[in-house]
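Structural overview for review
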Amino acid sequence: MTTRRTDFVGDLSPRRREADRARVAAQRAPWDVLVVGGGVTGVGVALDAASRGLSVLLVEAHDLAFGTSRWSSKLVHGGLRYLASGRVGIAWESAVERNHLMTTIAPHLVSPLTQAIPIRRSVPGGPSGVRGRLDAATSSAMVHSGLVLGDLLRRGARTPREVLAPPRRIHADDLRRLCPAVSADGLVGAWTSQDGQLVDDARLVVAIARTAAAHGATIVTRMRAEQVTGRGARLVDTTTGDTVDVAARAVVNATGVWADTVDASIAVRPSRGAHLVVDAARLGNPTAALTVPVAGSRSRFVFAIPAQLGRVHIGLTDTDAPGPVPDVPQATDDDVDFILDTLNVALAQPLSRNDVIGTFAGLRPLLESDGETADVSREHSVSRNDDGVITVVGGKLTTYRRMASDALDAAIAHSGLDAHPCVTASIPLIGAQGTRNRRLPASLLARHGGEADRVVAMSTVGAPLAPIAPGVDVTRAEIEFAVIAEGAVDADDILHRRTRIGLVDADTARARPAVVHILDQIGAAHSA
């Protein structure tokens, strides 16, 4: 393997990882901010703190995006479902943050996604005759009203029509072109609207972390925080077992569903959101998300969302998940049945379990309260315990930046830190800017944006633009880049978090040997 490196200040390279770990072990002066947790909120806090001129250390026990942040629906949404339940505040916050992401922060990672809600002569499973037609008309009118309100939020947030088109009604033939698998039974058309879709949620986390590093943040993975107080923590290197005590003027707990293990004064109520993965060809390679209301609910839907790697992700559930929090949550048989049963009412040819080639589930870190999890507020909470630890919990991926800003504001106020105002709404993430070389594979451009040329230019592996495995449109160059610039340490980091090959076991089995081979080559070159 030849050596061809052009390190960038935001690269999370092996060299930087070693230097950062050495710095953490050697530094005796307090950090301005210690962030515990490397999910989207934690890296958001790190970027916010670094861009305000503060010294910041982020520690993560596993890998970036190891927890809930990689298990979302990959939607950057404007909060339409919250309007249905009267939660205008969180819907507005979602629309504003969606605008920031799609126009400034991460336009390379977020694209418009058309969502289609079928209109039928009668509600599936409802009464027939005049009553059924009336129910269908009422349902269609309610959907249209909700979409109009959602578009008012889009306009209020100043998201251009060129970025997100307004809602409209389309004919049945147009819907079948967008979603070929939809049932024609009683179909008269559809309402469509647009929302934001991430090419991948874990890639967003990595991009924020790298941007934070470019602003001076120290990002250290495989480092578990114990004995956390408002003045620091004991850090345990999970690869060596070595420990080091670090001091900080402010400590932010951004560990999501594990937040109550760091701050015992709060109670987290996890809610499981499960998804199924099917081959896009099974649903006719849709170009829009088929949206099916959950029976008996005004604000819950099951979505069949076209995704990268030739897949469709179908979800989601909203189920209480009490008990110990697993590292990797699993979809249950009941989750699978619920999703299939809900979606199948809208399909010409129902899906069966045999069509499901993968599943994934995430645990939302909701605050403990009474009632169903679907009714628990998605608004985030920032609190400070008696020991001074600032904990941020709740919320959702779309509003991570606002959550991070609120948490850091609380930390600054409590600790008396001298910091600039928040500027993260105007900071483009790494890859958001730069020319897109249209000669490169479209999938590579979608995942790396303005950095795509650099991914290839830095590559030292043979056949850099060849797929890592048959039928998997992740290039060999991207595998190398994950290690030399994006902080990946092992094959699981690459398969499950820098790429999403790991969502399908068969894809993982085909790709792992080549991924391990490239890792071995990089390791040999690094030690030479």
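Residues numbered from 1 in each chain as written. Predicted model: local features only at pLDDT ≥ 70, side-chain atom pairs only at ≥ 80, totals over all residues. Heavy atoms only, no water.

Overview of the overall build of the protein
Heads up, the rule is: The secondary structure listing takes helices from DSSP runs of H or I that are at least 4 residues long and strands from runs of E that are at least 2 residues long, numbered from the N terminus. The size measure is the radius of gyration over C-alpha atoms, and the globule rule it meets is 2.2 Å times the number of residues to the 0.38 power. Contacts are assigned to residue pairs that have any heavy atoms within 4.5 Å of one another. Accessibility throughout is a Shrake-Rupley quantity obtained with a 1.4 Å probe, and a residue counts as covered only by protein chains that appear here.
Assigned secondary structure in the protein consists of 15 helices and 20 strands. Computed over the C-alpha atoms, the radius of gyration of the protein is 23 Å, within 12% of the 24 Å expected from 2.2 N^0.38 for a compact globule of 528 residues. Counting only C-alpha atoms, the protein reaches 75 × 55 × 40 Å along its principal axes. Looking at the protein alone, contacts between residues at least 24 apart form 70% of all its contacts between residues at least 6 apart. Surface exposure of the protein reaches about 21,100 Å², of which carbon and sulfur atoms provide 52%.

A short note on the environment of Gly146
Relative to the elements of secondary structure, Gly146 occurs in helix H5 (residues 129-156). Expressed as a C-alpha distance, the spacing of Gly146 and Leu83, which sit 63 residues apart in the sequence, is 7.1 Å. Apart from residues no more than four positions distant in its own chain, Gly146 is found in contact with Leu80 and Leu83.

Points about helix H4 (residues 88-105)
Quick reminder of the rule: A helix is expected to span 1.5 Å for every residue after the first. For the exposure calls, accessible area comes from a 1.4 Å probe over protein chains only, and a residue counts as buried if that area is under 20% of its type's maximum, exposed if over 50%, partly exposed in between.
Here H4 contains 18 residues, and its C-alpha end-to-end distance of 24 Å stays within 8% of the 26 Å for a straight helix at 1.5 Å per residue. For H4, the set of buried residues is Ile90, Ala91, Glu93, Ser94, Ala95, Glu97, Arg98, Asn99, His100, Leu101, Met102 and Ile105.

Side note on unusual backbone geometry
Residue Leu316 follows Gly315 across a cis peptide bond; omega there is 15°. Locating Leu316 in the fold gives a position in the loop between strand S14 (311-315) and strand S15 (319-320). In this structure, Ala65 is a non-glycine residue whose phi angle is positive, near 60°. Positionally, Ala65 belongs in the loop between strand S2 (56-60) and strand S3 (75-76). Located in the positive-phi region is Lys74, a residue other than glycine, with phi close to 65°. Residue placement: Lys74 occurs in the loop between S2 and S3. By relative accessible area, which is 3% here, Lys74 ends up buried.

Some words on the pairing of strand S17 (residues 380-384)
Basically, it comes down to this: In this scheme, strands are said to pair when DSSP sees at least two bridges between them.
Where S17 lies against strand S18 (residues 390-394), 5 bridges are found, and the strand directions are antiparallel. Its bridge partner lying in S18, Arg384 is registered against Ile390. Hairpin geometry of S17 and S18 is characterised by an intervening segment of 5 residues between the two adjacent antiparallel strands and by a positive phi of about 95° at Gly388.

Here's the deal with the pattern of salt bridges
Inclusion rule: The term salt bridge refers to a pairing of a side-chain nitrogen on Lys or Arg with a carboxyl oxygen on Asp or Glu at a separation within 4 Å.
Under the criterion given, the structure shown has 40 salt bridges. Glu93 is the partner of Arg402 in a salt bridge, and the nearest nitrogen-oxygen pair spans 3.5 Å. Pair noted here: Arg402 is in helix H10 (residues 400-415) and Glu93 is in helix H4, with a separation of 309 residues, a long-range link. Overall, Arg402 belongs to the partly exposed group, its relative accessible area being 34%. Three or more residues joined by partner-sharing salt bridges are found here, namely Asp63, Arg222, Asp490, Asp493, Arg497 and Arg498.

Things to note about the packing of aromatic side chains
For any pair of aromatic rings, the description rests on two quantities: the centre-to-centre distance and the angle between the ring planes. We count it as follows: To pair, rings of Phe, Tyr and Trp, with the six-membered ring standing in for Trp, must have centres within 6.5 Å; the planes then decide the type, stacked if under 30 degrees apart, edge-to-face if over 60, and tilted in the middle. Whether a charge sits over a ring comes down to the Lys NZ or Arg CZ being within 6 Å of the ring centre and within 35 degrees of the ring normal.
Counted under the stated rule, the structure contains 2 aromatic pairs. Aromatic pair Trp71 and Phe360: ring centres 6.1 Å apart, planes at 25°, arrangement stacked. Of this pair, Trp71 sits in the loop between S2 and S3 while Phe360 sits in strand S16 (residues 356-367), placing them 289 residues apart in sequence. Given the relative accessible area of 9%, Trp71 is considered buried. Of the residues examined, Phe360 reaches a relative accessible area of 2% and is grouped as buried. Of note, Arg70 hangs over the ring of Phe66, and the distance from its end group to the ring centre comes to 5.2 Å.

Quick notes on the UniProt feature "domain: Alpha-glycerophosphate oxidase C-terminal" (unreviewed entry) in the protein
Let me state the cut-off plainly: UniProt positions are given in the numbering used here, feature names are shortened, and annotations may be inferred rather than shown by experiment.
On the UniProt side, "domain: Alpha-glycerophosphate oxidase C-terminal" (unreviewed entry) is annotated at positions that read residues 422-519 here. With 46% helix and 7% strand, the stretch residues 422-519 has end C-alpha atoms that lie 38 Å from each other.

Topic: the side chain of Asp63
Defined as follows: Under the rule applied, a polar contact is a pair of N or O atoms within 3.5 Å (in protein, one hydrogen donor and one hydrogen acceptor; residues adjacent in sequence only if both atoms are side-chain atoms).
With respect to the secondary-structure elements, Asp63 resides in the loop between S2 and S3. Under the relative-accessibility criterion, Asp63 is labelled buried at 1%. Within the local environment of Asp63, its side chain forms a polar contact with the side chain of Arg498, the two groups lying 2.8 Å apart. Here Asp63 is in contact with Thr221, Arg222, Gly487, Asp493, Arg497 and Arg498, once residues within four sequence places are set aside.

Remarks on the environment of Arg497
Mapped onto the elements of the fold, Arg497 is located in helix H14 (residues 491-498). Arg497 sits 405 residues away from Trp92 along the chain, and the two C-alpha atoms are 30 Å apart. If sequence neighbours within four positions are ignored, Arg497 has contacts with Asp63, Leu64, Ala65, Phe66, Arg70, Asp200, Ala202 and Asp492.

Observations regarding the nonpolar core
What counts, and what does not: Residues belong to a common nonpolar core when they are buried Ala, Val, Leu, Ile, Met, Phe, Trp, Tyr or Cys residues joined through side-chain atoms within 4.5 Å.
By size, the foremost hydrophobic cluster in this structure holds 52 residues, and its most contacted members are Val33, Leu204 and Ile219. Mapped onto this core, the elements with two or more residues apiece are strand S1 (31-36), helix H2 (40-51), S2, H4, helix H7 (201-214), strand S10 (243-253), S18 and H10. The leading source of residues in this core is H7, at 9 residues. Once residues lying within four places of it in the same chain are set aside, the contact partners of Val33 are Ala49, Leu54, Ser55, Val56, Leu57, Ala250, Val252, Leu408 and Leu417.

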